[in-house]
Amino acid sequence: MNSLQRVQAVLRGETPDRVPVCLHNFMMAAREAAVPMEKYRTDPEAIARAHLTAVEKYRYDCILIDTDTTMLAEAMGAKSQCAPDEPGRIVTPAIHSLEEVGKLKVVNPETDGRIPALVESIRLIVKQVGSEVAIRGNADQAAFGLACLVRGIEDFLVELALDPDNPALQQLLEVCYQSHLAVHRALFKAGAHFTSMGDSLAGPDVTSPKMFERFALPYQVRLVKDLAAEGIFVVIHICGDTTKILDDLAKYDPCGFELDYKTDAQRAKQTVGPRHVLFGNIDPSGVIARGTPEEVRECTRQLIAVWKPGARFVLNAGCAIPPTTPPENIRAMIETAWEDGAYN
């Protein structure tokens, strides 16, 4: 069973030979390939070279191709800044009031902003390893998180609280949903075996569970259904502690959930685990980047013991792995999956 077969078995709800490993390592991959982040964000050949170098070095099962969390908002008109060798951050929203929502257009992934670089990088990687290694294309922010960036995080959240029935809010969320959906479709068409997205601003660390249920959950549920109808398996990533909304997530149609290390792993297994694929959730900074190899091994063993039963599990960090992570810690996590992750 090769890496692609191993991951695809898990996504189908089947039991592979062992727990597969996916790395959320775009920053580390760029650093190790001597690709400045400014170049990585815009150059498809640089993106491909970084990830191909990393997968050859560490021999993991699934390449997660990501750029940052501002790509889609930029394509819709927001402005970003990028500190030297750091991911971008939005500094100016695309619209400055809800009255401007009508100006927003659904993106074209083949022409708008930096999206074409991500799409082309997937085509390049597919040519090299697409029959051997699973390729996961990350479609950036989902409707709620994207709306926050396009409108401005604080302004959008205040408007949701003070005027939740304003039709312009639904109009904003809808154009963000359609733009986000278009990116998933483009990544899959380019050859990604499955896709993923982030919606961290919708999580309990930022948004109340009640607001999540009304304004974010419906778009996530709809996305899972729409993509499944086109044969696309999707993984949902929400940073922070999602323990409070696990019961809601458990009701989604089959998909994947990449959970942050703050989320209760036992509780996640009991609620979401029976019907969905769990990705994660080793602490990327405190353990993988700053821990010793033995600490990484121990945390990996503990997670495997909880999430391995039932086989709906892909080992990963709980979020993006810092670029300064020691290579021996990555090897410790992967080797522990090889040693402790076998299914009898």
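Residues numbered from 1 in each chain as written. Predicted model: local features only at pLDDT ≥ 70, side-chain atom pairs only at ≥ 80, totals over all residues. Heavy atoms only, no water.

Novice: Would you mind showing me how to read the overall build of the chain here?
Specialist: Scanning the chain for helices and strands turns up 15 helices and 10 strands. Relative to a compact globule of 344 residues, whose C-alpha radius of gyration would be 20 Å, the chain shows 19 Å and is just as compact. If you line up the chain on its principal axes, its C-alpha atoms span 60 × 40 × 35 Å. Out of the 344 residues in the chain, the part that is buried amounts to 60%. Across the chain, 36 positive and 46 negative side-chain charges occur, with their mean positions spaced 3 Å apart. (Helix = DSSP H or I, 4+ residues; strand = E, 2+ residues; numbered from the N terminus. Rg over C-alpha atoms; globule rule 2.2 N^0.38 Å. Buried < 20%, exposed > 50% of the residue type's maximum accessible area, 1.4 Å probe, protein only. Lys, Arg positive; Asp, Glu negative; His and termini not counted. Charge placed at Lys NZ, Arg CZ, Asp CG, Glu CD.)

Novice: Is there a simple way to think about the sheet that holds strand E8 (residues 256-259) in this case?
Specialist: Whether parallel or antiparallel, the strands of a sheet pair through hydrogen bonds between backbone atoms. Pairing within the open sheet is parallel, and its eight strands lie in the order E1-E2-E5-E6-E7-E8-E9-E10. Because the sheet does not close on itself, it has two edges, and the strands there are strand E1 (22-23) and strand E10 (313-317). (Pairing = 2+ DSSP bridges.)

Novice: Looking at this structure, how should I read the packing of aromatic side chains?
Specialist: Both the distance between ring centres and the angle between the ring planes are used here to describe each pair of aromatic rings. Applying the stated criterion across every chain, the model contains seven aromatic pairs. Aromatic pair Phe-194 and Phe-279: ring centres 6.1 Å apart, planes at 40°, arrangement tilted. Taken together, the residues span a long stretch of sequence, with Phe-194 in strand E6 (residues 194-198) and Phe-279 in strand E9 (residues 277-282) at a distance of 85 residues. Following the ring pairs from residue to residue traces out a cluster consisting of Phe-194, Phe-233 and Phe-279. Positioned above the aromatic ring of Phe-279 is the side chain of Arg-136, whose terminal nitrogen or guanidinium carbon lies 5.4 Å from the ring centre. Lying over the aromatic face of Tyr-343, Lys-308 brings its terminal NZ or CZ to 5.3 Å of the ring centre. (Phe/Tyr/Trp six-rings, centres within 6.5 Å; stacked < 30°, edge-to-face > 60°. Lys NZ or Arg CZ within 6 Å of the ring centre and 35° of its normal.)

Novice: It is not clear to me how helix H9 (residues 167-190) should be interpreted in this structure. Could you clarify?
Specialist: Two residues of an α-helix separated by three or four positions point the same way, owing to the 3.6 residues in each turn. If you check H9, its first and last C-alpha atoms are 35 Å apart, about what 24 residues at 1.5 Å a residue would give, namely 34 Å. Capping of H9 at its N-terminal end is provided by Asn-166; its side-chain oxygen lies 2.9 Å from the backbone amide nitrogen of Ala-168. Phi turns positive, to about 125°, at Gly-191, one or two residues after H9. (Expected span 1.5 Å × (residues − 1). Polar contact = N/O pair within 3.5 Å; in protein donor to acceptor, adjacent residues only side chain to side chain.)

Novice: Looking at this structure, I do not really get the pattern of salt bridges. What am I missing?
Specialist: Two side chains with opposite charge may pair up if their charged atoms get near one another. According to the stated counting rule, one finds 28 salt bridges in the structure shown. In this structure, the salt-bridge partner of Glu-110 is Arg-123, at a minimum N-O distance of 3.0 Å. Here Arg-123 lies in helix H6 (residues 115-129) and Glu-110 lies in the loop between strand E4 (88-92) and H6, a separation of 13 residues in the sequence. Look at Glu-110 and you get partly exposed, because its relative accessible area is 39%. In this structure Arg-123 comes out as partly exposed when scored by relative accessible area, which is 29%. Note that Glu-335 and Arg-297 form a salt bridge whose closest N and O atoms lie 2.8 Å from each other. With a gap of 38 residues between them, Glu-335 in helix H15 (residues 327-340) and Arg-297 in helix H14 (residues 293-307) connect regions that are remote in the sequence. (Salt bridge = Lys/Arg side-chain N within 4 Å of Asp/Glu carboxyl O.)

Novice: Just checking my understanding: could you explain the nonpolar core for this structure?
Specialist: One broad rule of soluble globular proteins: the nonpolar side chains tend to lie buried together. Ranked by internal contacts, the top residues of the largest apolar core, which has 115 residues, are Phe-156 and Leu-172. For this core, the element with the highest residue contribution is H9, accounting for 12 residues. What Phe-156 contacts, discounting residues up to four positions off in sequence, is Phe-144, Ala-147, Cys-148, Arg-151, Leu-169, Leu-172 and Leu-173. In terms of nonpolar packing, the next biggest core, distinct from the first, is built from 14 residues, Leu-11, Cys-62, Ala-134 and Phe-194 among them. (Core = buried A, V, L, I, M, F, W, Y, C linked by side-chain atoms within 4.5 Å. Contact = heavy atoms within 4.5 Å.)

Novice: Looking at this structure, how should I read the pairing of E4?
Specialist: Looking along a regular strand, one sees side chains alternate from face to face of the sheet. By the bridge criterion, four bridges tie strand E3 (residues 79-82) to E4 in an arrangement that is antiparallel. Looking across to E4, one finds that Ser-80 is bridged to Ile-90. A loop of five residues connects E3 with E4, the two strands running antiparallel in sequence, and Asp-85 in this loop sits at a positive phi of about 60°.

Novice: Honestly, the pairing of E8 in this entry has me stumped. Any pointers?
Specialist: With burial as the criterion, each face of E8 is covered, one bearing Gly-256 and Glu-258 and the other bearing Phe-257 and Leu-259. Looking at chain direction, strand E7 (residues 234-238) and E8 are connected through four bridges and run parallel. The residue of E8 that forms the bridge with Ile-236 is Phe-257. Bridge count between E8 and E9: four bridges; the pairing is parallel. Bridge assignment links Leu-259 to a residue of E9, and that residue is Gly-280.

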